[in-house]
Amino acid sequence: MTVLVTGGAGFIGSNFVYYMLEEHPDDKVVCVDALTYAGNLATLSGAMRNPRFTFYKTNITDRESVFEIFATEKPDIVINFAAESHVDRSIEDPEIFLKTNILGTQVLMDACRKYGVRRFHQVSTDEVYGDLPLDRPDLFFTEETPIHTSSPYSSSKAAADLLVFAYYRTYGLPVTVSRCSNNYGPYHFPEKLIPLMIVNALADKHLPVYGKGENVRDWLYVEDHCKAIDLIIRKGRVGEVYNVGGHNEMRNIDIVKLICRELGKPESLITYVTDRKGHDLRYAIDPTKIHNELGWFPETKFENGIKKTIQWYLDNQDWWQEIISGEYQKYYEKMYENR
Ligand code: NAD
Ligand code: DAU
């Protein structure tokens, strides 16, 4: 089987590429990635040596190139990870989010229609459900929770989800959608909370916590997300949404303090900064459906996953030093100076 993965040079996509090459020795993996600021070929250097892996530097909005790749590779399954993924960037400049996340998804599905696939899987997010109040720990996102987005990022992802279901109903495209909570693990770009705090703490820099740090996210180790997607593409029902999350809710401030403790850094590095505009309060997934239908459950406990992740950043300083030495500096100054 040939599995075409878009966005495979990013955080979750690259973890998925390695997972697939390891777990399915009979499958070929084709990666399509535009190598935006968030994509890094060095991340895929281990896969590049594998004869079952092929890489195309291509933008998913480039219809002609995408169609050529489909004609050449004839994928059986397409999994769309490619996206602009950072909420803060979407607040600064929404346009690229609409182009990549919505129109890019359309191009991919048009190619799937033309060349025929067994499955188009859209990697979506729990952010399409909006947020939950902090004082109602009894509430969770189910697959029936209405779409109610907050940021340009989540709105673009929700629009793509709706388009995916339009292609299912109108053209009969065999689709599935997964909506996962916050991931953490290796190759996480250091603009996101956990890797940013690790990298800053190691450099004894301020740890910028938005607002009071009381917002809650539901953290899942990235490999558990990869396992969920692998199950959905093989055993999931066409036309269905599957929520993915591990009941691991934590306040941002508690995560940052934990990172300080693990690295032996003082909490005095923590700086409370101006809150994110429209900041979602709490995400919390009810994973009952994927558990009951596909037998999925999270295997990595947060206390182990966060240790493994911190160790990965300690062992792979070249990977993130390279990233933070370039354009990232300008991004960081723009986003955090005078905040
Ligand atoms: P990421 O930003 O780390 O990686 C995105 C990848 O997509 C990069 O390699 C980038 O080069 C590529 N890309 C961007 N625009 C492209 C384009 N136009 N054409 C081709 N490639 C392009 O993102 P991530 O955190 O790995 O997220 C992957 C997917 O998972 C996204 O769709 C995101 O919405 C979803 N998701 C992420 C999380 C999370 O916690 N990170 C949770 C749930 C869902
Ligand atoms: O829930 C899934 C989503 O998780 C994915 O769809 C997104 O692609 C992914 O980026 C992530 O979105 P978040 O906005 O939740 O992640 P982020 O790491 O940007 O922020 C996590 C929390 O930490 C959030 O409440 C904002 C806060 N934060 C973040 C940064 C970068 C800070 O307090 N300080 C920071 O510097």
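Note that the structure is a prediction, hence the values are computed from the model and not measured.

Time to look at the packing of helix α3 (residues 63-73) against helix α5 (residues 95-115). In the contact formed by α3 and α5, the axes pass within 10 Å of each other and the chain directions differ by 40 degrees. Considering the relative orientation of α3 and α5, their crossing is right-handed. On the side of α3, the interface is formed by Arg 63, Val 66, Phe 67, Phe 70 and Ala 71, while α5 contributes Gln 106, Val 107, Leu 108, Asp 110, Ala 111, Cys 112, Lys 114 and Tyr 115.

Turning to the environment of Gly 211, a few remarks are in order. Mapped onto the fold, Gly 211 is located in the loop between β8 (207-210) and β9 (216-218). Judged by relative accessible area, which is 21%, Gly 211 ranks as partly exposed. The spacing of Gly 211 and Val 273 is 62 residues in sequence and 6.0 Å in space, taken between C-alpha atoms. Other than its neighbours up to four places away in sequence, Gly 211 contacts Tyr 272, Val 273, Thr 274 and Asp 275.

It is worth spelling out the packing of aromatic side chains at this point. Within this structure, the stated rule accounts for 22 aromatic pairs. Ring plane angle 75 degrees and centroid distance 5.9 Å describe the contact between Phe 67 and Tyr 115, whose orientation is recorded as edge-to-face. With Phe 67 in helix α3 and Tyr 115 in helix α5, this pair connects stretches of sequence that are 48 residues apart. Looking at Tyr 115, the relative accessible area reads 32%, which means it is partly exposed. An aromatic cluster is defined as three or more aromatic residues linked by ring pairs; in this entry it consists of Tyr 37, Phe 189, Tyr 210, Tyr 328, Tyr 331, Tyr 332 and Tyr 336. One residue, Arg 217, lies across the ring of Tyr 283, its end atom 3.9 Å from the ring centre.

The biggest cluster of nonpolar side chains holds 39 residues, and the ones touching the most others in it are Ile 194, Leu 207, Ile 259, Phe 302 and Tyr 328. Contributions of two or more residues to this core are made by α7 (193-202), β8, α9 (252-263), β13 (270-273), α11 (302-315), α12 (317-324) and α13 (328-336). At seven residues, the largest contribution of residues to this core is made by α9. Excluding residues that lie within four positions of it along the chain, Ile 194 makes contacts with Tyr 184, Trp 219, Ile 255, Ile 259 and Ile 306. Membership of the second largest hydrophobic core comes to 31 residues, among which are Phe 70, Ala 82, Ala 111 and Ile 285.

Here the focus is empty space enclosed by the protein. Per the counting criterion, the structure on display carries one cavity of 30 Å³ or more. A volume near 40 Å³ is recorded for the largest cavity. Val 87, Ile 91, Glu 127, Ser 150, Ser 151, Arg 276, Lys 277, Gly 278, His 279, Asp 280 and Tyr 283 together form the lining of the largest cavity. Of the residues assigned to the lining of the largest cavity, the class counts are three nonpolar, four polar and four charged.

Read across the open sheet, the seven strands follow the order β3-β2-β1-β4-β5-β6-β11; overall the sheet is parallel. The open sheet has two edge strands with one neighbour each: β3 (53-57) and β11 (240-244). Between one strand axis and the next, the sheet turns by 20 degrees as a mean value, whatever way the strands run. Pairing of strand β4 (residues 77-80) with strand β5 (residues 119-125), which is carried by four bridges, proceeds in the parallel orientation.

Parameters at a glance
Residues numbered from 1 in each chain as written. Chains lettered and ligands numbered in written order. Predicted model: local features only at pLDDT ≥ 70, side-chain atom pairs only at ≥ 80, totals over all residues. Heavy atoms only, no water. Axes fitted to C-alpha atoms, helices over the stretch in contact; angles between N-to-C directions. Helix = DSSP H or I, 4+ residues; strand = E, 2+ residues; numbered from the N terminus. Left-handed = near helix turned anticlockwise from the far one by under 90°. Contact = heavy atoms within 4.5 Å. Buried < 20%, exposed > 50% of the residue type's maximum accessible area, 1.4 Å probe, protein only. Phe/Tyr/Trp six-rings, centres within 6.5 Å; stacked < 30°, edge-to-face > 60°. Lys NZ or Arg CZ within 6 Å of the ring centre and 35° of its normal. Core = buried A, V, L, I, M, F, W, Y, C linked by side-chain atoms within 4.5 Å. 1 Å grid on protein atoms, 1.4 Å probe; cavity = no way out; pocket = protein on both sides within 12 Å on 5 of 7 lines; lining within 4 Å. Points joined across faces, edges and corners; volume = space filled by probe spheres on them. Nonpolar A, V, L, I, M, F, W, Y, C, P; charged D, E, K, R; others polar. Pairing = 2+ DSSP bridges.

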